Amino acid sequence: MFAVLQVAITVGIFSFLVAQWGMNPFMDAFRLLPLWIFPAAILLGGVGVLTQALRWRVIARHHQISVGVGPAVARCWQAAFLNGVLPGGLAGDALRAADDSSDAEVQAGGSALRRAFAAMAAERLMGTAVAFIAAGLALLVLAPLVGLAALGVATAAVLVAWRWLKPLSRGDLIQVVLLSATGWAAFATLFALTILAVTPSIPLAWAPGLAAVAIAGMSVPLGFGGWGPREAAAAWAFSLAGFAPHLGVTASISYGLLALASTLPGAIILALRVLPRLERARMVRQQRDGRDPGEGSRRRDPIEPAF
């Protein structure tokens, strides 16, 4: 039901935007994107995924979860792709957390799963906190109350995450903050490049602040894969800065396309991890179908988890 609500919110926001400015902002988002920006999106998206994976490893290590750099990057890239194509922007991270405890013993399964979700939640909340701190600082001049509210959201995110961050040393906490800021900077740079590419009338000095507000809007898990709240936040930020709001819609949609393109390596990783498991599951079913029907009720072959 919550997923349906998220889709409905996205459709509602897009319907409002179309009613306000028609389809031109959407068409421009496709038409004005230059080819050179796609390699930049892959590079900056990769930096964002790498910093997230490293941040996750630092936190997970203090929750008795050990993940190598390669597997962490692969799982975060896979999660980024699923977050971009599924409602809410959290489904991929939920799978990433469950994946950590898939090889745990049954007796410790519940505890391992709780630790995995705690590490994932703390990691995501730190990213959200950095996004809202940046948006709050950008808004303090033009919309002080909204800026203070954004800083309040960031504070709440840190307070919620603190229960899972307490085991970290001071050095690890600093590392988590720096990695969070670096990851945010990669996404903000991509949004700023998108603004310059598709809305060249916007002065360069405004691009970081506008990007900060849009990324904070995208961090609200109320839309489909980030779509919807991001476009609304971008339109409002552009209007607040004295620019045409439909330009914000165009820039935001273009950014969404680039962000989705940057997660395509995650789709490849997902396929490489899932297809062999599906094939093994199919073979097990065939073997089971070939046995005595009564044997299946006495013993079941184990099937490796799908993820």
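As the structure is a prediction and not an experimental result, all values here were calculated from the model.

Trainee: Can you help me understand the nonpolar core in this one?
Mentor: Across soluble globular proteins, nonpolar side chains have a tendency to be buried as a group. Core analysis: the biggest nonpolar cluster contains 30 residues, and Phe-191, Ile-195, Ile-202, Leu-210 and Phe-238 have the highest contact counts within it. Taken together, the elements giving at least two residues each to this core come down to helix H3 (37-61), helix H6 (106-139), helix H8 (170-198), helix H9 (207-218), helix H10 (229-240) and helix H11 (245-262). With residues up to four places along the chain from it excluded, the contact list for Ile-202 reads Ile-195, Leu-196, Leu-210, Phe-238, Phe-243 and Leu-247. Core analysis: the next-biggest nonpolar cluster, separate from the first, contains 26 residues, Val-58, Ala-60, Cys-76 and Val-176 among them.

Trainee: Please clarify how the environment of Val-58 should be interpreted in this entry.
Mentor: Topologically, Val-58 is positioned in helix H3. Discounting chain neighbours no more than four positions away, the residues touching Val-58 are Leu-168, Asp-172, Gln-175 and Val-176.

Trainee: So what exactly am I meant to see when it comes to the pattern of salt bridges here?
Mentor: One side chain can pair with another of opposite charge once the charged atoms of both are near each other. Counted by the stated rule, this structure contains seven salt bridges. The partner of Asp-172 in a salt bridge is Arg-61, with the nearest N and O atoms 3.6 Å apart. Highlighted residues: Asp-172 in helix H8 and Arg-61 in helix H3, separated in sequence by 111 residues. Given a relative accessible area of 11%, Asp-172 falls into the buried group. Residues Arg-96 and Glu-123 are paired through a salt bridge, measuring 2.8 Å at the closest nitrogen-oxygen approach. Here Arg-96 is found in helix H5 (residues 91-100), whereas its partner Glu-123 is found in helix H6, with 27 residues between them in sequence. The same class applies to Arg-96 and to Glu-123, which are both buried. In this structure, a network of salt bridges that share partners links the residues Arg-55, Asp-93, Arg-96, Glu-123 and Arg-124.

Trainee: When you look at the side chain of Arg-96 in this model, what are you seeing that I'm missing?
Mentor: Overall, Arg-96 belongs to the buried group, its relative accessible area being 1%. One polar contact links Arg-96 to Glu-123, side chain to side chain, over a distance of 2.8 Å. Other than its neighbours up to four places away in sequence, Arg-96 contacts Gln-52, Trp-56, Arg-75, Cys-76, Ala-79, Met-120, Glu-123 and Arg-124.

Trainee: Would you mind showing me how to read the environment of Gly-217 here?
Mentor: Structurally, Gly-217 can be placed in helix H9. Each C-alpha atom, one on Gly-217 and one on Glu-231, is 8.0 Å from the other, the two residues being 14 residues apart in sequence. Filtering out sequence-adjacent residues up to four positions away, Gly-217 remains in contact with Pro-229, Arg-230 and Ala-233.

The rules we used
Residues numbered from 1 in each chain as written. Predicted model: local features only at pLDDT ≥ 70, side-chain atom pairs only at ≥ 80, totals over all residues. Heavy atoms only, no water. Core = buried A, V, L, I, M, F, W, Y, C linked by side-chain atoms within 4.5 Å. Buried < 20%, exposed > 50% of the residue type's maximum accessible area, 1.4 Å probe, protein only. Helix = DSSP H or I, 4+ residues; strand = E, 2+ residues; numbered from the N terminus. Contact = heavy atoms within 4.5 Å. Salt bridge = Lys/Arg side-chain N within 4 Å of Asp/Glu carboxyl O. Polar contact = N/O pair within 3.5 Å; in protein donor to acceptor, adjacent residues only side chain to side chain.

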